[in-house]
Structure formats: structure tokens, C-alpha cells
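A structural walkthrough
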Amino acid sequence: MYKVIIVDDEKLSRDSIAGLIDWEANGMRLAGVCKNAFEALDIAQAEAPDIVITDIKMPVMNGLELIAKLKELRSDTSFVVVSGYDEYEYMSEAMRHGLKHYLLKPCNELDILEVLGEIKQEIELRSKEKEFLERLERDYQRILPSVKEQFLRDLALTGMFNQQDIERYMEMFRIDSDACQLILVQLGEKCGYLEKFALKNIAEDLFTPKRLYLSTIVEDSVLLLSEPMEFAGLARLLEQMREIYKTYYRLELYISVSDAGRFQDIRSMYKEAQAILR
């Protein structure tokens, strides 16, 4: 059910709106009936209303000021402003602020239900859009690791991407710097995918996402694309990787490191790293 708050400094007006509607029958719950904006703010903090029906002209804090504060609490709250026929200046300002739902006093049950029906449709549409975007984000996050691996594999083996493609992928992967270094890790003997996958995971944990841009498996090797690092620090990390891996799998690792370059140089960096191990 959608939660509704009514705010009006005139008792007759707020009681009239509250009493005219069968809230539950229309899929709503009346969460509060307030005589001023400050009461409404207190209730809004506790209830997080979906819809606020507020008089536009109230003492101390008017309806527009209340709406501004309520938007800070919850940006997706929908608002209905209630005004008299002689309050055109307030209504004009409300329209300029993008408030499109209003009721003119005195209003009857049909007027109120019509506006609330429009708002319910808008809320349902926003909810569907949110669900769709969340589903897209989940799908994207699920396939992203595979896309990263394939991108590095293709760059190393074929160099098939132009600079525009590379920049687009870097943006997708949230990689800010074009400077990089390629590390080639070969296993000392033939082994299965599990052993290579474990090596890749150990490397990812040691380097951390900030240092390690991408990683992938190519045949009997693991490729690591990192930010350029000073030799001593890189050597320590690689030695740690070797020791941890050997503890679990008792397999020797052979490691080569390319000179620093840019993403468009990864193909030649891969060849360089291969040549070192031959």
C-alpha cells in the first residue's frame, strides 16, 4: 500500500480530504494528518510517505518550502499541492518547480481520486523502470569478469582493437590510466583449468583491483595487466605469489615482465614477455 500524508493548517480542509477517501480500498494508507509543515516533517521521517498532499499557503513554512525539505528526505516522494482560486502566484511557482499535480479548494472525492490515480500510475511506472535498470546492472556485473578476460586475451593474441575501441573498453572497466605493464606467468608443467584459475585468483588478491587492471588465462599461462610498478615492489608481490601457489599446488612458476607501455602496445608487450621465457 502507498503511504499518504495530508498537510493543511485549516482543520476543515485536512479533515475533509482525509474523510472523503476510502484509503485502503484504493490501495493506500493514511499515514498522517498534519496541521503544519513541522508535524509533516516529523511524520515523514518516521513513515517515508509515497504521496504528500499539502496546502500550498501555510504560515511559517509554506507548502513549497515543505516539499523542498521532504525531497531531501526522500527524492521519489510524489506531491499534490492544494490551493485556493486566489493563490495563482503560489501555483505558478509550484509549476516552475515541476510540480504537476494539484487540487483546487474545495475539492471533492472524484477530484482527489483522479489525481491519486495518476500518481499511482507514475509510481508503478517508476518502480518498473527501477526494476529493469537493477536487472540490467545485475546482468552487466555478472558478465563483466568474462568481458574483461576476453578483452585482454584478444588484445594480447591479436591486437584487434583500435584506439577508439580501447578507450571505450577502458571506460567500461573504469580504468583511468592508459599506462600499463604486462606480466606473463607460465606454469612449469601441463595442468588443468583449476590450477590456472587458482593462480589467477591468488594474483588478483595480492595485487588488489587498484593495481591490477585485468587478468586472463591464455593456454598454459596467466596474463596480468597491472599499473606500472617499481621493480622492488613488483618483485616482492611476484615472489609472494610464487610462494603461496607452490604451497598449495607444488608447481613451479616462470614469470616475465614487459616494459611499461600503453594499452595499444599490449600485443607487442605480450610478444616481449613470451620471448623472455623462451
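Residues numbered from 1 in each chain as written. Predicted model: local features only at pLDDT ≥ 70, side-chain atom pairs only at ≥ 80, totals over all residues. Heavy atoms only, no water.

1. Describing unusual backbone geometry
Lys-105 connects to Pro-106 through a cis peptide bond whose omega is -10 degrees. For Pro-106, the location among the structural elements is in the loop between β5 (102-104) and α5 (109-158). Phi at Arg-174 takes a positive value of approximately 60 degrees, unusual for a residue other than glycine. Mapped onto the elements, Arg-174 comes out in the loop between α6 (163-173) and β6 (179-187). (Helix = DSSP H or I, 4+ residues; strand = E, 2+ residues; numbered from the N terminus.)

2. Side note on the layout of surface pockets
Considering only enclosed or pocket space, the largest pocket measures out at about 450 Å³ in volume. Along the walls of the largest pocket sit 18 residues, with Lys-148, Pro-209, Leu-212, Tyr-213 and Leu-214 positioned nearest its centre. Every element with two or more residues in the lining of the largest pocket is listed here: α5, α7 (193-211) and β7 (212-218). With five residues, the top contributor of residues to the lining of the largest pocket is α7. For the lining of the largest pocket, the per-class residue count stands at eight nonpolar, three polar and seven charged. Together, Tyr-2, Asp-50, Arg-74, Asp-76, Ile-123, Arg-126, Ser-127 and Lys-130 line the second largest pocket. (1 Å grid on protein atoms, 1.4 Å probe; cavity = no way out; pocket = protein on both sides within 12 Å on 5 of 7 lines; lining within 4 Å. Points joined across faces, edges and corners; volume = space filled by probe spheres on them. Nonpolar A, V, L, I, M, F, W, Y, C, P; charged D, E, K, R; others polar.)

3. A closer look at the sheet that holds strand β3 (residues 51-55)
If you walk across this open sheet you meet the five strands as β2-β1-β3-β4-β5, and the pairing is parallel. Two strands in the sheet have a free side with no partner beyond their single neighbour: β2 (28-34) and β5. Between one strand axis and the next, the sheet turns through 20 degrees on average, direction left out of account. Where strand β1 (residues 2-7) lies against β2, six bridges are found, and the strand directions are parallel. Residue pairing for β2: Ile-5 is matched across the bridge by Gly-32. Seen against the sheet, helix α3 (residues 63-73) touches β1, β3 and β4 (78-83) and runs at an angle of roughly 155 degrees to β3. (Pairing = 2+ DSSP bridges. Axes fitted to C-alpha atoms, helices over the stretch in contact; angles between N-to-C directions. Contact = heavy atoms within 4.5 Å.)

4. Here we look at the side chain of Thr-216
Topologically, Thr-216 is positioned in strand β7. Here the side chain of Thr-216 touches Arg-153 through a polar contact of 2.9 Å, side chain to side chain. The residues contacting Thr-216, other than those within four sequence positions of it, are Glu-149, Leu-152, Arg-153, Lys-200, Ser-221, Val-222 and Leu-223. (Polar contact = N/O pair within 3.5 Å; in protein donor to acceptor, adjacent residues only side chain to side chain.)

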